[in-house]
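What the coordinates show
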Amino acid sequence: MDSQIKGVSTGTTILAVTFNGGVIIGSDSRASIGGSYVSSKTINKLIQVHDRIFCCIAGSLADAQAVTKAAKFQISFHSIQMESPPLVKAAASVLKELCYNNKEELQAGFITAGWDRKKGPQVYTVALGGMLLSQPFTIGGSGSTYIYGYADAKYKPDMSKEECLQFATNALALAMGRDNVSGGVAHLVVITEEGVEHMVIPGDKLPKFHDE
Amino acid sequence: MALSNVVETPASGFNFENVSRNVALKGLLEGGHTKAPKPMKTGTTIAGLVCKDGVVLGADTRATSGEVVADKMCAKIHYISPNMYCCGAGTAADTEKTTDLLSSNLTIFSMNSGRNPRVVMAVNILQDMLFRYRGQIGASLILGGVDCTGNHLYTVGPYGSIDNVPYLAMGSGDLAALGILEDRFKPNMELEEAKELVRDAIHSGIMSDLASGNNIDICVITKQGVDYIRPYQESEYKDKRQRRYKYRPGTTSILTEKIVPLELEVVQETVQRMDTA
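The rules we used
Residues numbered from 1 in each chain as written. Chains lettered and ligands numbered in written order. Predicted model: local features only at pLDDT ≥ 70, side-chain atom pairs only at ≥ 80, totals over all residues. Heavy atoms only, no water. UniProt positions renumbered as here; feature names shortened; annotations may be inferred. Helix = DSSP H or I, 4+ residues; strand = E, 2+ residues; numbered from the N terminus. Rg over C-alpha atoms; globule rule 2.2 N^0.38 Å. Buried < 20%, exposed > 50% of the residue type's maximum accessible area, 1.4 Å probe, protein only. Contact = heavy atoms within 4.5 Å. Buried area = accessible area lost by both parts, 1.4 Å probe. Salt bridge = Lys/Arg side-chain N within 4 Å of Asp/Glu carboxyl O. Polar contact = N/O pair within 3.5 Å; in protein donor to acceptor, adjacent residues only side chain to side chain. Expected span 1.5 Å × (residues − 1). Arc of directions from axis to C-beta. Core = buried A, V, L, I, M, F, W, Y, C linked by side-chain atoms within 4.5 Å. Pairing = 2+ DSSP bridges. Axes fitted to C-alpha atoms, helices over the stretch in contact; angles between N-to-C directions. Parallel < 35°, antiparallel > 145°, perpendicular 65-115°, else oblique. Left-handed = near helix turned anticlockwise from the far one by under 90°. Nonpolar A, V, L, I, M, F, W, Y, C, P; charged D, E, K, R; others polar.

- Per an unreviewed UniProt entry, chain B goes by Proteasome subunit beta and derives from Salvelinus namaycush.
- According to the UniProt record, the Subunit (unreviewed entry) comment for chain B reads "Component of the proteasome complex."
- The record in UniProt for chain B states the following under Catalytic activity (unreviewed entry): "Cleavage of peptide bonds with very broad specificity."

- An unreviewed UniProt entry lists chain A under the name Proteasome subunit beta, with Salvelinus namaycush given as the organism.
- Regarding chain A, the UniProt comment filed under Catalytic activity (unreviewed entry) reads as follows: "Cleavage of peptide bonds with very broad specificity."

1. What to know about the overall build of chain B
- For chain B, the count of helices and strands is 5 helices and 12 strands.
- The C-alpha atoms of chain B give a radius of gyration of 26 Å, which is well past the 19 Å a tight globule of 277 residues would have.
- Dimensions along the principal axes, computed over C-alpha positions, put chain B at roughly 85 × 55 × 50 Å.
- Buried residues in chain B amount to 42% of all 277 residues.
- By sequence separation, contacts in chain B at least 24 residues apart represent 63% of the contacts at least 6 residues apart.

2. Details of the UniProt feature "domain: Proteasome beta subunit C-terminal" (unreviewed entry) in chain B
- According to UniProt, the positions carrying the feature "domain: Proteasome beta subunit C-terminal" (unreviewed entry) are residues 240-271 of chain B.
- The distance from the first to the last C-alpha atom of residues 240-271 of chain B is 54 Å, and the span holds 0% helix and 0% strand.

3. Quick word on the interface of chain B and chain A
- Every contact between the two is made by 18 residues of chain B and, on the other side, 19 residues of chain A.
- Across the chain B/chain A interface, buried area totals approximately 1,500 Å², and carbon plus sulfur atoms make up 58% of it.
- Remark: the boundary between chain B and chain A carries 3 salt bridges.
- For the pair chain B and chain A, the number of links is 9 residue pairs in polar contact (both at pLDDT 80 or more).
- Looking at the side of chain B that touches chain A, the elements that each hand over two or more residues are helix 3 (119-132), strand 9 (162-164) and helix 4 (174-184) of chain B.

4. A short note on helix 2 (residues 88-101) of chain A
Residues and elements named next belong to chain A.
- Across its 14 residues, helix 2 extends 20 Å between first and last C-alpha, which sits within 8% of the 20 Å expected from 1.5 Å per residue.
- Residues V88, A91, A92, V94, L95, L98 and C99 constitute the buried set of helix 2. Projection of helix 2 onto a plane perpendicular to its axis shows the buried side chains occupying an angular sector of 150°, all on one side.
- If you follow the buried residues of helix 2, they end up packed against strand 7 (53-60), helix 1 (61-82), strand 8 (108-116), strand 9 (120-126) and strand 10 (132-135).

5. Considerations on the UniProt feature "active site" (unreviewed entry) in chain B
Residue and element names in this part refer to chain B.
- Here, the residues flagged by UniProt with the feature "active site" (unreviewed entry) are T44.
- Assignment of secondary structure puts T44 in the loop between helix 1 (17-31) and strand 1 (46-50).
- For T44, a relative accessible area of 1% corresponds to the buried category.
- Setting aside chain neighbours within four positions, we find T44 in contact with D60, R62, K76, G88, A89, M170, G171, S172, G173, D209, A211 and S212.
- At a separation of 2.5 Å, a polar atom in the side chain of T44 contacts the side chain of K76.

6. Focus on the side chain of B:Q127
- In this structure, B:Q127 sits in helix 3.
- B:Q127 has contacts with A:Q65, A:K69, B:G160, B:S161 and B:I162, leaving out every residue within four places of it along the chain.

7. Things to note about the nonpolar core
All names here are of chain A.
- Formed by 30 residues in total, the largest nonpolar core has its most connected members in L95 and F110.
- Of all the secondary structure elements, the ones that give two or more residues to this core are strand 6 (46-50), strand 7, helix 1, helix 2, strand 8 and strand 9.
- Considering each element in turn, this core owes the most residues, 8 residues, to helix 1.
- Formed by 25 residues, the second largest nonpolar core is a distinct cluster that contains L165, F167, A171 and A186.

8. Structural notes on the pairing of strand 9 of chain A
Residue and element names in this part refer to chain A.
- When you tally the buried positions in strand 9, you get 6 out of 7 residues, the bulk of the element.
- Relative to strand 9, strand 8 runs antiparallel, the two sharing 7 bridges. Following the sheet pairing, I111 is matched in strand 9 by T125.
- Counted between consecutive antiparallel strands, the loop separating strand 8 from strand 9 contains 3 residues.
- Pairing of strand 9 with strand 10 involves 4 bridges; the strand directions are antiparallel. Within strand 10, the residue paired with T125 across the bridge is L133.
- The hairpin formed by strand 9 and strand 10 contains 5 residues between the paired strands, and G130 there has a positive phi angle of roughly 110°.

9. Examining the environment of A:C55
Residues and elements named next belong to chain A.
- Within the secondary structure, C55 sits in strand 7.
- C-alpha of C55 to C-alpha of G149: the two residues are 94 residues apart in sequence and 24 Å apart in space.
- Apart from the residues within four sequence positions on either side, C55 is in contact with I25, K45, L46, I47, V49, T68, L95, F110, I111 and T112.

10. A look at the UniProt feature "active site" (unreviewed entry) in chain A
All names here are of chain A.
- When the UniProt feature table is mapped to this numbering, "active site" (unreviewed entry) covers T12.
- Its place among the elements puts T12 in the loop between strand 1 (8-10) and strand 2 (14-19).
- Residues in contact with T12, not counting those within four places in the same chain, are D28, K45, I57, A58, G140, G141, S142, G143, S144, D179, V181 and S182.
- At a separation of 2.7 Å, a polar atom in the side chain of T12 contacts the side chain of K45.

11. Topic: the packing of helix 1 of chain A against helix 2 of chain A
Residues and elements named next belong to chain A.
- Following both chains from N to C, one finds helix 1 and helix 2 inclined at 135°, their axes separated by 9 Å at the closest point. Comparing the axis directions of helix 1 and helix 2 gives the class oblique. Crossing angle aside, the handedness with which helix 1 passes helix 2 is right-handed. On helix 2, the residues that touch V67, A70, A71, Q74, I75 and H78 of helix 1 are A90, A91, V94, L95 and L98.
- Considered class by class, the residues forming the contact of helix 1 with helix 2 number 9 nonpolar, 2 polar and no charged.

12. Observations regarding the environment of A:V23
Residues and elements named next belong to chain A.
- Inspection of the secondary structure puts V23 in strand 3 (residues 22-27).
- When the C-alpha positions of V23 and Y146 are compared, they lie 22 Å apart, and in sequence the two are 123 residues distant.
- Excluding residues that lie within four positions of it along the chain, V23 makes contacts with V17, T18, A113, G114, P121, Q122, V123, V189, V190 and I191.

Spelled out as structure tokens, the structure:
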């Protein structure tokens, strides 16, 4: 599927995990062309669409950037009209509408995660064709196939922030270690009621496993 | 929010009209045994980097049309605004027109709003336009400039993807140039060192890529202004062309001369007066 993407693609590993009091969203930072040339080692795949809502992108970089730009505008406008911060579900719905209505021409998938006053920390997946799904945690991108086992085994509901950070970092490191189109540094964003904290873990500081 | 544009931007959301047009065009051309004309590609090495005092952009000057060098002194660093320049790789016409359009739009914007355009604005306009055309505009651009928020360097791909980077190379010679940049780039370099590094990167592209060559242009953008050095370095392989191909009478020796008068008969003669006043 990924080899069908024309232009720069983010063959990628992205994930989002809720914990007690917030949500952690993370990604790798590699962008490739044709599955064999790394066009960027430091691409930003965590796009902030509102104060407490982030979105990570997978698929065609051009499509994903265009969709998140349009979504950012629409969410901002919606928030001004409602005179209150948008719900995470609203942000995810905006992305879903854009993906579903243009599904013939677009090749981009998203994970939306954030915190709002109504439901607290939430994670939503918007798949390629425009399916919207709410889950306690989710993984996506080409690298995610290598960590389904790890994620299913190690995820616990209501983790603490430190446990959740460790879970997310390990998951990203494992996926980046096996998937050739994921790599670079690990970007992690912790979103809570208090605010947003961005962490970058360079490749050599990632956890190492038995064969490295 | 309205800003006047030279070309109308669609009202909202995405406009995929051109997709069906492109499909129809393809069918029309291939079905009717005609081939679409092959656009001239610049086959290029372009590079840019951000240094302490500003942004340095570099490019070679060869434009190829198939296996022939169509232009030996092609200008690949295009003017966008007094504080921004853009190197273009890919289809020559597309890069020219896209940068021209961008430059016009930004001039209108700065006249309307009274503000100098920022590099992010130029990048956003480029991204919107290239995405709308779904990759049919073959322009890979390196946009560099200095504005009130600092020194910026952006890459814009033909499908509309953008990335903000400290150093960059694009075009057919990009891998060779990138090797040099990866090895010697440091953040906050001095201007002279930066110019030499860009020169070396383009030079390596010229040496390793057949479609890049001839001279090297460098453009230095700082807060004080722009220094467009064209050429920064001329190619060592220059030929001596005559340029004037008029020969004096007698250069070619005449061996024999035969004059045959033609017998003409005057059939009709008309005289028309001309008014000379």
